[in-house]
Amino acid sequence: MDARSAATIALVPEFLLPHRAAADRYADAVRSRRAELRTVRALLLGGHRVELRHTLTASRLTASAELAAALASLGRELRHHAAHADRAGRAAVPALAAAAVGALVDRVVAGWVTAVLPGLRRLAASRCVPGTLPGPAGALEPVVTVLGRRPSISLPGPDPPPSAAGALLAGVTGGTWRLALVPAAVLPAVGLPALGGRALLPPALGIALALLVTAARAHQTAADRARLRRWADDVVMVVRSELDTELARRLIDVERVAATELDELVARRLDLIDTELRALAAGG
């Protein structure tokens, strides 16, 4: 206590000293509250938009990584099915792929909500007026609506399966015709002449035809599996492109909607702070 304060207290009647101490404590509390409000006010001015952009950038990286993992799993599943399914199973691959892509889209959209909302809720919670409505969850309802919309994905159609005639022609041009000569090579091995006359001609032709048909079917199956593998790669590429584009577009919408909601929260908070500062100033 300085000399001036001591002299002032000495002039105050003794019965008023407790009241003066209470007044000093009140003045200290007012000054502390003013400083606190001014600090909060400075933090509210303009920073929420920068934080919002940083939050959405980090959320996009997380969502993109999860999308890449989901698409890799989808591609492996489709290629495995194309490589091991029978004829009926291969015919069902397009329908199975459409169902798998639909389930993947649902999981991806749910992942977007999970990746984006926690950061936005933290931003809203620090700018809401405590104990008032709407709270962080209510303020972000428009953002949830934007994020939760299910995008529509158009899958490319697969090429038509190879025909038996086309497979036979491809096999013949590829050298499968050599199988027709197998009977001529096998007959001498069993003690029969390669050119045994009319008696051996029908069985030889039958064996040659059976070998050609078997080879053509094998070639047709291999071509069908290769067709589905190429189509699976096309599906993954199209889904990745469309979902990446949709995510970028949706985050732009989220930034616009969330910025508007945060602006309103900040405006309400600033209005209350300014009202309290004026009341403290009027009260001395």
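This write-up is about the structure you can find in this document. (Residues numbered from 1 in each chain as written. Predicted model: local features only at pLDDT ≥ 70, side-chain atom pairs only at ≥ 80, totals over all residues. Heavy atoms only, no water.)

### Concerning the overall build of the chain
Regarding its fold elements, the chain presents ten helices and zero strands. Each helix and strand of the chain, placed in order from N terminus to C terminus, yields the pattern α-α-α-α-α-α-α-α-α-α. Within the chain, the proportion of its 284 residues that are buried is 32%. In the chain, of all internal contacts separated by at least 6 residues, the share reaching a separation of at least 24 is 88%. (Helix = DSSP H or I, 4+ residues; strand = E, 2+ residues; numbered from the N terminus. Buried < 20%, exposed > 50% of the residue type's maximum accessible area, 1.4 Å probe, protein only. Contact = heavy atoms within 4.5 Å.)

### Looking at the packing of helix 3 (residues 47-84) against helix 5 (residues 93-125)
Two elements in contact, helix 3 and helix 5, have axes separated by 9 Å at closest approach and are oriented at 160 degrees. Classed by the angle they form, the pair helix 3 and helix 5 counts as roughly antiparallel. Like other packed secondary-structure pairs, helix 3 and helix 5 cross with a definite hand, here right-handed. (Axes fitted to C-alpha atoms, helices over the stretch in contact; angles between N-to-C directions. Parallel < 35°, antiparallel > 145°, perpendicular 65-115°, else oblique. Left-handed = near helix turned anticlockwise from the far one by under 90°.)

### Section: the environment of Ser 126
Here Ser 126 shows up in the loop between helix 5 and helix 6 (136-139). Of the residues examined, Ser 126 reaches a relative accessible area of 39% and is grouped as partly exposed. Each C-alpha atom of the pair Ser 126 and Leu 44 lies 9.1 Å from the other, and the pair is 82 residues apart in sequence. Not counting the four nearest positions on each side in its chain, Ser 126 is found in contact with Leu 44 and Arg 269.

### Some thoughts on the nonpolar core
Formed by 45 residues in total, the largest nonpolar core has its most connected members in Leu 120 and Val 143. Those elements that provide at least two residues to this core are helix 3, helix 5, helix 7 (141-148) and helix 10 (201-282). Discounting chain neighbours no more than four positions away, the residues touching Val 143 are Leu 117, Leu 120, Val 254, Val 257 and Ala 258. Core analysis: the next-biggest nonpolar cluster, separate from the first, contains eight residues, Val 30, Leu 270, Leu 277 and Leu 280 among them. (Core = buried A, V, L, I, M, F, W, Y, C linked by side-chain atoms within 4.5 Å.)

### With respect to the side chain of Thr 55
Inspection of the secondary structure puts Thr 55 in helix 3. By relative accessible area, Thr 55 is classed as buried at 18%. Beyond its immediate stretch of four places on either side in the chain, Thr 55 contacts Gly 119, Leu 120 and Leu 123.

### Observations concerning the side chain of Arg 227
The topology assignment puts Arg 227 in helix 10. For Arg 227, a relative accessible area of 9% translates into the label buried. Here Asp 159 takes part through its backbone oxygen, which lies 2.5 Å from a polar atom of the side chain of Arg 227. (Polar contact = N/O pair within 3.5 Å; in protein donor to acceptor, adjacent residues only side chain to side chain.)

### Overview of the pattern of salt bridges
Using the criterion set out here, one finds ten salt bridges in the structure. Among the ionic pairs, Asp 224 bridges to Arg 90, the shortest N-O distance being 2.7 Å. With Asp 224 in helix 10 and Arg 90 in helix 4 (residues 87-91), the pair connects residues that are 134 residues apart, well separated along the chain. Like Arg 90, Asp 224 is buried. The residue Asp 224 makes a salt bridge to Arg 227 at a minimum N-O spacing of 2.6 Å. Of the two residues, Asp 224 and Arg 227 are both situated in helix 10; the distance of three residues between them amounts to about one turn of the helix. In terms of burial, Asp 224 and Arg 227 fall into one category: buried. The network of salt bridges with common partners includes Arg 90, Asp 224 and Arg 227. (Salt bridge = Lys/Arg side-chain N within 4 Å of Asp/Glu carboxyl O.)

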